[in-house]
Amino acid sequence: MAKTGIHPDYHTIKVVMTNGTEYFTRSTLGKEGDTLNLDIDPTTHPAWTGGSQQMLDRGGRVSRFNSRFAAIGSLGKK
């Protein structure tokens, strides 16, 4: 006996990578035809690039983090 209503709704979405390339995949995210814009992907993430590239600071998140926690790095220094 098969159970009904327990499986997620898979549909096609468009994924846009940081360099602008696009591909379509099936996902449970959003609804049919939605777009997922990636901030980090295999072309920019240090885990895949060997750490040679810098992360893009979208919306100033990295800058806000660095300014908020800058004092922690200097606590042990005299």
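An unreviewed UniProt entry lists the protein chain under the name 50S ribosomal protein L31, with Bosea massiliensis given as the organism. According to the UniProt record, the Sequence similarities (unreviewed entry) comment for the protein chain reads "Belongs to the bacterial ribosomal protein bL31 family. Type A subfamily." A UniProt comment under Subunit (unreviewed entry) is attached to the protein chain, and it reads "Part of the 50S ribosomal subunit."

1. Let's talk about the sheet that holds strand E3 (residues 35–37)
Strand order in the open sheet made by the three strands is E2-E1-E3, with mixed pairing throughout. Because the sheet does not close on itself, it has two edges, and the strands there are strand E2 (22–27) and E3. For this sheet, the mean inter-axis angle between neighbouring strands, taken without regard to orientation, is 30 degrees. Taken together, the three bridges between strand E1 (residues 11–16) and E3 define a ladder with parallel strand orientation. Across the sheet, residue Val16 finds its bridge partner in E3, namely Asn37.

2. Things to note about a nonpolar patch on the surface
Together, Phe65, Phe69 and Ile72 give the surface a local cluster of nonpolar side chains, amounting to about 310 Å² of exposed area. Mapped onto the elements, Phe69 comes out in the loop between helix H2 (61–68) and helix H3 (70–74). Of the residues examined, Phe69 reaches a relative accessible area of 35% and is grouped as partly exposed.

Conventions used here
Residues numbered from 1 in each chain as written. Predicted model: local features only at pLDDT ≥ 70, side-chain atom pairs only at ≥ 80, totals over all residues. Heavy atoms only, no water. UniProt positions renumbered as here; feature names shortened; annotations may be inferred. Pairing = 2+ DSSP bridges. Helix = DSSP H or I, 4+ residues; strand = E, 2+ residues; numbered from the N terminus. Axes fitted to C-alpha atoms, helices over the stretch in contact; angles between N-to-C directions. Patch = residues over 30% accessible without salt bridge, like charges linked within 9 Å, V, L, I, M, F, W, Y side chains within 5 Å. Areas by Shrake-Rupley, 256 points an atom, 1.4 Å probe, with all protein chains shown as cover. Salt bridge = Lys/Arg side-chain N within 4 Å of Asp/Glu carboxyl O. Buried < 20%, exposed > 50% of the residue type's maximum accessible area, 1.4 Å probe, protein only.

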